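Listed below, chain by chain, are the residues.
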Amino acid sequence: MAPMSRTSEAPPLAGRTIALCLTGGIAAYKSVLLARLLLQAGATVQPVMTASASRFVGKVTLSGLCARPVLDDMWDPKFGGEAHVSLADEADLVVIAPTTADMLARLAQGRADDLVAALALVARGPIVVAPAMHPRMWAHPSTQRNVATLRADGRLRLVGPVVGPVANGDVGLGRMCEPEEIFAAIVETLTLETQGAPRRDLAGRHVVVTAGPTVEDLDPVRFLGNRSTGKMGFAVAEAAAARGARVSLVAGPVALSTPRDVARIDVRSALEMQRALDDVLGPALEGADALVMAAAVADYRPAAFQAEKAKKPREGQAGDALTIELVQNPDLLAAIGARRAQAQRARPVLVGFAVETRDLVAYARKKLHDKRVDLVVGNLAAHGFGGDDDEVVIVGADGAEPLRASKRAIADAILDRIASRLA
Ligand code: CTP
């Protein structure tokens, strides 16, 4: 007898989280059906409501259906005032259905005066909106101006409205699309996004990256610096954000623009970088899931900073040689590695870099051990400064892996290892 075949294809939204936002309109009842369609397609559905939405459908209906409490309060103490950010980190897609004329106006202005509007501003993934209102409201020049602004911004996908009867029996353009049509737009949007979109395996993680040189001032016009351009660290920050992480980038002076969705903190000297790291990592290093120290931190700084520009000696006077006294900077990464070891924590995952002129793997291994970190990315000084490609060796306790690729691909290889340690 031939074995029975069974379709084992995953439902179209398996593993996806959709934030389903309702604003105040009669069409809100149709969003209950939309919730069902999303759930049947395998999605996790997080219901979100504005205050006026709950005048049209009961919270219990949605929370019961979605098996999650409805979120409707920006100030929910569970999220410490950051409900919109937590939600944005979790949601693969935000859908606002129905979207009132008032919500369209607030979206067009970029306002954040309730949880739905704030979520739309901070969302990472696509946003689908399904307008629903009386045809005269839709046709009003103000609404049309708002819709034109939103279309030009290109951040949202508008689905509908369509012509049909609206709440009071009037017929015209303003009726919300049927749930099946909104559902189809959601599936299509996510499918398009997935083709060519990076993994989001760092969603919900906080990755801290340092990049660039530190410069150590001698006087108001002179400094000691190094040749780091910051490209490697910026590539790591950009790749981590694309993979869903919240990213803090502590950058020395570089000529690079801030990658999308990255919070940048500019610093100058090693001591400033140390203070910035103390702030983001917190006293018990609880503030981050991973730290990638791509910065070329100066090992020494001038013993004294001269407030006035130093003058060279007059001609004929003694002193054609100049000695500058330097003092050692703290080793930021080694100190963090030691604190983590003392606290017996596995996090943050720590990644250091090593630029060497010889014996790359041996020196990288030594740094791995001495600084008590998880990975050291070594490269030879002959490669790497300023280019877009690089040749590195990623050294961990379990071995050394050579890699010749673009800085972005190297960044992803480093993040693969971080993600698997965090999993
Ligand atoms: N690092 C640091 N603080 C310093 C110096 C370096 O955190 N004061 C970090 C860098 O960000 C990098 C790694 O440590 O991740 C580099 O190691 P390091 O021992 O400083 O390399 P070198 O300066 O090249 O050291 P050495 O001269 O001993 O080879």
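Residues numbered from 1 in each chain as written. Predicted model: local features only at pLDDT ≥ 70, side-chain atom pairs only at ≥ 80, totals over all residues. Heavy atoms only, no water.

Asks: How do you make sense of the sheet that holds strand E13 (residues 290-293) when you look at a structure like this?
Replies: Across a sheet, strands are paired by hydrogen bonds formed along the backbone, either parallel or antiparallel in direction. Spatial strand order, E12-E11-E8-E13-E16-E17-E18-E19: eight strands in an open sheet with mixed pairing. Each edge of the open sheet carries a strand with a single partner, namely strand E12 (262-266) and strand E19 (399-406). Mean inter-strand twist for the sheet, computed between neighbouring axes without regard to direction, equals 20°. With six bridges connecting them, strand E16 (residues 349-356) and strand E17 (residues 375-380) associate as parallel partners. (Pairing = 2+ DSSP bridges. Helix = DSSP H or I, 4+ residues; strand = E, 2+ residues; numbered from the N terminus. Axes fitted to C-alpha atoms, helices over the stretch in contact; angles between N-to-C directions.)

Asks: I tried to follow a nonpolar patch on the surface on my own but got confused; where do I start?
Replies: Taken together, Tyr 300, Leu 322, Ile 324 and Leu 326 make up a surface patch of nonpolar side chains, about 410 Å² in accessible area. By the element assignment, Leu 326 lies in strand E15 (residues 326-328). Since its relative accessible area comes to 37%, Leu 326 is described here as partly exposed. (Patch = residues over 30% accessible without salt bridge, like charges linked within 9 Å, V, L, I, M, F, W, Y side chains within 5 Å. Areas by Shrake-Rupley, 256 points an atom, 1.4 Å probe, with all protein chains shown as cover. Salt bridge = Lys/Arg side-chain N within 4 Å of Asp/Glu carboxyl O. Buried < 20%, exposed > 50% of the residue type's maximum accessible area, 1.4 Å probe, protein only.)

Asks: Before we go on, may I ask you to explain helix H7 (residues 141-153) in this structure?
Replies: Note on helix geometry: an α-helix contains 3.6 residues per turn, so any two residues three or four positions apart are oriented the same way. The terminal C-alpha atoms of H7 lie 18 Å apart, and with 13 residues this matches the ideal 18 Å at 1.5 Å per residue to within 8%. Of the positions making up H7, those classed as buried are Thr 143, Asn 146, Val 147 and Leu 150. Projection of H7 onto a plane perpendicular to its axis shows the buried side chains occupying an angular sector of 100°, all on one side. In H7, the exposed positions angled more than 90 degrees off the buried face are occupied by Pro 141, Arg 145 and Ala 152. On the buried face of H7, the contacting elements are helix H4 (101-109), helix H6 (135-139) and strand E5 (156-158). Phi turns positive one or two residues past the end of H7, at Gly 154, with a value near 75°. (Expected span 1.5 Å × (residues − 1). Arc of directions from axis to C-beta. Contact = heavy atoms within 4.5 Å.)

Asks: Hey, could you run me through the domain arrangement of the protein chain in this one?
Replies: Buried accessible area, meaning the area lost when the parts come together, often serves as the stated size of an interface. One can read the domain layout of the protein chain as domain 1 (17-195) and domain 2 (206-302 + 323-422). Placing a centre on the C-alpha atoms of domain 1 and another on those of domain 2 gives a separation of 41 Å. (Domains from an automatic or database assignment.)

Asks: Can you walk me through the pairing of E13 in this structure?
Replies: The side chains of a regular strand alternate between the sheet's two faces. Side-chain alternation along E13 places Ala 290 and Val 292 on one buried face and Leu 291 and Met 293 on a second face that is also buried. As paired elements, strand E8 (residues 206-211) and E13 share four bridges and run parallel to each other. What sits directly across from Val 208, in E13, is Leu 291. Bridge count between E13 and E16: four bridges; the pairing is parallel. Bridging from a neighbouring strand, Met 293 pairs with Gly 352 of E16.

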